[in-house]
Amino acid sequence: MTTEMTSLQRVLTTLGHQEPDRVPLFLLVTMHGAKELGLSIQEYFSKAENVVEGQLRMRQKYRNDCIYSFFYAPVEVEAWGSDVIYREDGPPNSGRPIIRKPEDIKYIEPPKVKETPCLIKVLEATQQLKAKIGDDAPIIATAISPFSLPVMQMGFDKYIELMYEHPDLFDRLMKMNEEFCVEWSNAQLEAGATAICYFDPVSSTTVTPREMYLESGFKIAKRTIARIKGPTATHLASGRSLPVLNDISQTGTAAIGISVLEDLTEVKAACKGKLTVLGNLNGVEMRKWTPDQAEAIVKEAIAKAGPGGGYILADNHGEIPWQVPEETLLAISESVHKWGRYPLNWSIDESDEA
Amino acid sequence: MTNQTDAFENALLSLNKIAAKKLISEIAQAEGAMQCVEKIVVPVMERIGSKWEEGNVALSQLYMSGRICEEIVDTILPSVDPARKREPNMAIVVFNDYHFLGKRIVYTMLRASGFELLDYAQSTDIEALAVRVKEDNVKLLLVSVLMLNSALRIKSLIERIKLTSPETKIVVGGAPFRFDPQLWQEIGADAMGKNASEAVDIVTTFMEKIA
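Residues numbered from 1 in each chain as written. Chains lettered and ligands numbered in written order. Predicted model: local features only at pLDDT ≥ 70, side-chain atom pairs only at ≥ 80, totals over all residues.

Caption draft 1: Inspection of the sheet that holds strand S1 (residues 90–95) of chain B at higher detail. All names here are of chain B. The parallel open sheet is built from 5 strands, whose spatial order is S2-S1-S3-S4-S5. Two strands in the sheet have a free side with no partner beyond their single neighbour: strand S2 (118–123) and strand S5 (191–193). The average angle at which neighbouring strand axes cross in this sheet is 25°, direction not considered. Packed on one face of the sheet, helix H10 (residues 196–210) meets S1, strand S3 (140–144), strand S4 (169–173) and S5 and runs near 160° to S3. (Pairing = 2+ DSSP bridges. Helix = DSSP H or I, 4+ residues; strand = E, 2+ residues; numbered from the N terminus. Axes fitted to C-alpha atoms, helices over the stretch in contact; angles between N-to-C directions. Contact = placed C-beta atoms within 7 Å.)

Spelled out as structure tokens, the structure:
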């Protein structure tokens, strides 16, 4: 395959477990758009137009194969009534939880997506991005899974206690979160998003044992994803996936975001023909990489997961830290363009030599 | 002891609080509370922590096990008990960001290991934190973060604390340190705990040296 594909064609081909012209690059930058526009992170996310401009510039600068319409994780709990705490050099955090004791679950109601200003802003940005980008590149939107949203709704410790100690209230919360997640995902697809990144770190075996996942996060994902009217990619945000990869493939999702804690060769073998692998560059260490290191790491990832398609190069968390410099991102992009071109004959030659 | 530690671990991982409590009460009665904590509770929590590190136990199990242990140890060794390890002063804080689970697990594990420590909750204010460390004569400060920017900002916190409390040791922990094993040295920390059981080991070693 030598003909140059559009980013969208490239991504769709790899999702079909075939080799496109090159390994697609998903540089999941959120805050770097603010740097590019010379705005503070808070100012940047205050207007849809800023994010639109930021994402378009990021795509051009880094030859990125996607547009990432994700603003910041707490936007969803902001919609439920929580505060957002901004930082000058990192992603916004969610403020005081909206559920302070389990009994509060009886009295809360999910927000209506199309009547909630912070969500409307994301939808406006998605519409504007779609108008600009057309079918050249996929627009990746995000929704926090119903099973993972409570970490921000009530705090991680209280949520774990809820899972084990208050099954009725857990079920009630999941029902509300499922409705919200479906409505939010479909609104973003309607606005022009191509796919939904279903963020579900709590389903990782880093957080939840498999037996518990099968009774909770798995069933919830299966029900929720079935009602989302577009493709989904499940992301465990740096958490481990290998023990539940086969289960995740049965939730109806098309791709999986992989942790740097797991070996790409092993993961790719487990996902073959079932899930496209997304990952797994170490975002935390990335800020210190030299261009040569970036090239070596990208090359290794492509050699391990690229052959046969079904692979998208990305970071392992779903968000590149603010501290990662432009030079490193450029080196990553350059390396994907250099080493990611199919067929990957060099990787076969090198593995033969080894 | 092996049968007892295995039984205790099984009880914790299956969240069988009644069985765990019964087992520990019996051993504490026969051998003394602190002996029981040191020979059974601490090794089992270390084992569960290592299993999490290897990917064989989930964070939710680690957290719930810690909670059960803390409750049991509070019964056999109440916080006012003179056998509790409370000197020199130690404190724990979530710094700069708002993610509390890691700190909660470490706090719980330390208390379940018989330590008493000050809980500074959360702080973004370097000056206020340094003043508090000085006023409380804290000799060991445990700092927990989740975000990379928070981890990097600990460097300024350490520099400020060392100005007024040069003897104070600072131990850091949290996701950024797990994903970048050299980061703790870059920010000038005295040590890094990859997980809660490592934190207990580090604290035990430091406390022995400082005391």
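Caption draft 2: Looking closely at the nonpolar core. Residue and element names in this part refer to chain B. Ile-24, Val-41, Ile-154 and Ala-189 are the most contacted members of the largest nonpolar core, which has 188 residues in total. By residue number, the principal contributor to this core is helix H3 (residues 33–53), which donates 10 residues. When residues of this core are assigned to domains, at least three map to each of domain 1 (2–76) and domain 2 (90–210). (Core = buried A, V, L, I, M, F, W, Y, C linked by C-beta atoms within 7 Å. Buried ≥ 20, exposed ≤ 12 C-beta atoms within 10 Å, placed from the backbone. Domains from an automatic or database assignment.)

Caption draft 3: A look at the packing of helix H2 (residues 17–31) of chain B against H3(B). Residues and elements named next belong to chain B. Across the interface, H2 lies against H3 with an axial gap of 7 Å and an inter-helix angle of 130°. It follows from the interaxial angle that H2 and H3 lie oblique. Between H2 and H3 lies a crossing whose hand is right-handed. Residues Ile-24, Ile-27, Ala-28 and Glu-31 of H2 pack against Ala-33, Gln-35, Cys-36, Ile-40 and Val-41 of H3. Along the lines of polarity and charge, the residues of the contact of H2 with H3 split into 7 nonpolar, 1 polar and 1 charged. (Parallel < 35°, antiparallel > 145°, perpendicular 65-115°, else oblique. Left-handed = near helix turned anticlockwise from the far one by under 90°. Nonpolar A, V, L, I, M, F, W, Y, C, P; charged D, E, K, R; others polar.)

Caption draft 4: Up close: the pairing of strand S7 (residues 232–235) of chain A. Residues and elements named next belong to chain A. With burial as the criterion, each face of S7 is covered, one bearing Thr-232 and Thr-234 and the other bearing Ala-233 and His-235. Bridge count for strand S6 (residues 195–199) against S7 is 4 bridges, and the pairing is parallel. For Phe-199, the partnering residue across the bridge sits in S7 and is His-235. Note that S7 and strand S8 (residues 255–257) share 3 bridges and pair parallel. Within S8, the residue paired with His-235 across the bridge is Gly-257.

Caption draft 5: Representation of the packing of H3(B) against helix H4 (residues 59–76) of chain B. Residues and elements named next belong to chain B. The geometry of H3 relative to H4 is characterised by a closest axis approach of 10 Å and an angle of 175° between their N-to-C directions. For the element pair H3 / H4, the angle class is roughly antiparallel. Of H4, the residues touching H3 (which contributes Ala-33, Cys-36, Val-37, Val-41, Met-45, Ile-48, Gly-49 and Trp-52) are Leu-59, Leu-62, Ser-65, Gly-66, Cys-69, Val-73 and Ile-76.

Caption draft 6: Local environment of unusual backbone geometry. Cis geometry marks the peptide bond from A:Gly279 to A:Asn280, where omega comes out at -20°. As for its position among the elements, A:Asn280 is in strand S9 (residues 276–281). One non-glycine residue, A:Arg63, lies in the positive phi region at around 50°. Looking at the element boundaries, A:Arg63 is found in the loop between helix H4 (48–62) and strand S2 (67–68). Look at B:Asn137: it is not a glycine, yet its phi comes out positive at around 55°. Along the chain, B:Asn137 turns up in the loop between helix H6 (126–135) and S3. Using a count of 11 C-beta atoms within 10 Å as the deciding quantity, one classes B:Asn137 as exposed.

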